[in-house]
Amino acid sequence: AQKVTQAQTEISVVEKEDVTLDCVYETRDTTYYLFWYKQPPSGELVFLIRRNSFDEQNEISGRYSWNFQKSTSSFNFTITASQVVDSAVYFCALSGTLISSGSARQLTFGSGTQLTVLP
Amino acid sequence: DAGVTQSPTHLIKTRGQQVTLRCSPKSGHDTVSWYQQALGQGPQFIFQYYEEEERQRGNFPDRFSGHQFPNYSSELNVNALLLGDSALYLCASSLEGTVYEQYFGPGTRLTVT
């Protein structure tokens, strides 16, 4: 069974502050993928990043950065110098890589973190 | 290049009725997955269709069924609607039964009264 926990239900910051969204996962698969999605009020899920469990290098993309730590089963997401347009619900998700068990055929999502960036 | 499209955008049904939601995958994709997202929750996997067959199913009752057509488009059917079926239904497309690059549609908002 796979599980993703996003303990932060809501976060509110003032524009230009940095903010980190936490994600902790559980899986029995030895290899797996981790994802972050953004869901603005319109409802459509927007893909942000995918990480392979083999690659623990942190990644930076503009104002976004991701910290993957296999030892603590965490995949945290940081927004630097937040902007009002970053306000959305952010989801962490997990998939396995085994077609036989079905873990590769579905994403398991956390419950999401509502980020509000105030002007 | 058209992305994932879903219809209708919104739908209101009465308890006990049946509903059909439709999804067209992104061009070049052959796999369609359906997710249910209740208000304030993360999406929950319903099932995946690949090669016109249901390949994987989440923890949903048999009232939820689907179909995939030869052109890879898909339908989600829900029978005997319950109030608890009110949710945003998301369709996602990908390749060859995997989810490594899964693109989501805008969703269908179903309200059951």
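Summary of the structure given here. (Residues numbered from 1 in each chain as written. Chains lettered and ligands numbered in written order. Predicted model: local features only at pLDDT ≥ 70, side-chain atom pairs only at ≥ 80, totals over all residues. Heavy atoms only, no water.)

## Structural notes on the overall build of chain B
Part 1 of the reasoning: Helix and strand counts for chain B stand at 0 helices and 11 strands.
Part 2 of the reasoning: N-terminal to C-terminal, the α/β element order of chain B is β-β-β-β-β-β-β-β-β-β-β.
Part 3 of the reasoning: In terms of C-alpha radius of gyration, chain B reaches 13 Å, essentially the compact-globule figure of 13 Å for 113 residues.
Part 4 of the reasoning: In terms of overall dimensions, chain B has a C-alpha envelope of 40 × 25 × 25 Å along the principal axes.
Part 5 of the reasoning: The proportion of buried residues among the 113 residues of chain B is 50%.
Part 6 of the reasoning: Considering only residue pairs separated by 6 or more positions, chain B has 54% of its internal contacts joining residues 24 or more positions apart.
Part 7 of the reasoning: Charge separation in chain B, taken as the distance between the mean sites of 8 positive and 11 negative side-chain charges, equals 13 Å. (Helix = DSSP H or I, 4+ residues; strand = E, 2+ residues; numbered from the N terminus. Rg over C-alpha atoms; globule rule 2.2 N^0.38 Å. Buried < 20%, exposed > 50% of the residue type's maximum accessible area, 1.4 Å probe, protein only. Contact = heavy atoms within 4.5 Å. Lys, Arg positive; Asp, Glu negative; His and termini not counted. Charge placed at Lys NZ, Arg CZ, Asp CG, Glu CD.)

## Focus: the interface of chain A and chain B
Part 1 of the reasoning: Taken residue by residue, the interface counts 22 residues in chain A and 23 residues in chain B.
Part 2 of the reasoning: Together, the buried faces of chain A and chain B total about 1,700 Å²; carbon and sulfur atoms form 53% of this surface.
Part 3 of the reasoning: Area buried by chain A at its contact with chain B is led by A:Leu45, A:Arg105 and A:Gln106, which between them contribute 33% of it.
Part 4 of the reasoning: Put simply, chain A and chain B have 1 salt bridge between them.
Part 5 of the reasoning: Taken together, chain A and chain B are joined by 4 residue pairs in polar contact (both at pLDDT 80 or more).
Part 6 of the reasoning: Breaking the side of chain A that touches chain B down by element, the ones donating at least two residues are β5 (32-39) and β10 (88-96) of chain A.
Part 7 of the reasoning: In terms of residues, the side of chain A that touches chain B owes the most to one element, β5(A), which gives 4 residues.
Part 8 of the reasoning: A class-by-class count of the residues in the side of chain A that touches chain B yields 9 nonpolar, 10 polar and 3 charged. (Buried area = accessible area lost by both parts, 1.4 Å probe. Salt bridge = Lys/Arg side-chain N within 4 Å of Asp/Glu carboxyl O. Polar contact = N/O pair within 3.5 Å; in protein donor to acceptor, adjacent residues only side chain to side chain. Nonpolar A, V, L, I, M, F, W, Y, C, P; charged D, E, K, R; others polar.)

## So, the sheet that holds strand β3 (residues 19-24) of chain B
Residues and elements named next belong to chain B.
Part 1 of the reasoning: What the 4 strands build is an open sheet, ordered β1-β3-β8-β7; its pairing is antiparallel. At either margin of the open sheet sits one strand with a lone partner, and together these are β1 (5-7) and β7 (64-68). Between one strand axis and the next, the sheet turns by 20 degrees as a mean value, whatever way the strands run.
Part 2 of the reasoning: Here 3 bridges tie β1 to β3, and the two strands are oriented antiparallel to one another. By the bridge assignment for β3, serine 7 is matched with arginine 22. (Pairing = 2+ DSSP bridges. Axes fitted to C-alpha atoms, helices over the stretch in contact; angles between N-to-C directions.)

## A closer look at the packing of aromatic side chains
Part 1 of the reasoning: Scanning all chains against the criterion turns up 20 aromatic pairs over all chains.
Part 2 of the reasoning: Ring centres 5.8 Å apart and planes at 50 degrees place the aromatic pair A:Tyr37 and A:Phe109 in the tilted group. In this pair, A:Tyr37 is assigned in strand β5 and A:Phe109 in strand β11 (residues 108-109), connecting sequence segments 72 residues apart.
Part 3 of the reasoning: Judged by its relative accessible area of 1%, A:Tyr37 is buried.
Part 4 of the reasoning: A relative accessible area of 6% means that A:Phe109 is categorised as buried.
Part 5 of the reasoning: Here B:Lys26 stacks its cationic end above the ring of B:Tyr103, 5.0 Å away from the centre of that ring. (Phe/Tyr/Trp six-rings, centres within 6.5 Å; stacked < 30°, edge-to-face > 60°. Lys NZ or Arg CZ within 6 Å of the ring centre and 35° of its normal.)

## What about unusual backbone geometry?
Part 1 of the reasoning: Of the consecutive residues B:Ser7 and B:Pro8, the connecting peptide bond is found in the cis state with omega at -10 degrees.
Part 2 of the reasoning: Looking at where B:Pro8 falls in the secondary structure, it is placed in the loop between β1 and β2 (10-13).

## A look at the environment of A:Ile11
All names here are of chain A.
Part 1 of the reasoning: Within the element layout of this structure, isoleucine 11 appears in strand β2 (residues 10-14).
Part 2 of the reasoning: For isoleucine 11, a relative accessible area of 15% translates into the label buried.
Part 3 of the reasoning: A C-alpha to C-alpha distance of 30 Å links isoleucine 11 and phenylalanine 54, two positions 43 residues apart in sequence.
Part 4 of the reasoning: Every residue in contact with isoleucine 11, bar those within four places of it in the chain, is listed here: Val19, Thr20, Leu21, Thr113, Gln114, Leu115 and Thr116.

## Notes on the layout of surface pockets
Part 1 of the reasoning: Estimates place the volume of the largest pocket at around 510 Å³.
Part 2 of the reasoning: Looking at the largest pocket, it is lined by 26 residues, and the ones nearest its centre are A:Gln39, A:Val89, B:Gln37, B:Leu39 and B:Arg109.
Part 3 of the reasoning: For the lining of the largest pocket, the secondary structure elements donating two or more residues are β10 and β12 (113-118) of chain A.
Part 4 of the reasoning: Considering each element in turn, the lining of the largest pocket owes the most residues, 3 residues, to β10(A).
Part 5 of the reasoning: When its residues are assigned to classes, the lining of the largest pocket shows 9 nonpolar, 15 polar and 2 charged. (1 Å grid on protein atoms, 1.4 Å probe; cavity = no way out; pocket = protein on both sides within 12 Å on 5 of 7 lines; lining within 4 Å. Points joined across faces, edges and corners; volume = space filled by probe spheres on them.)

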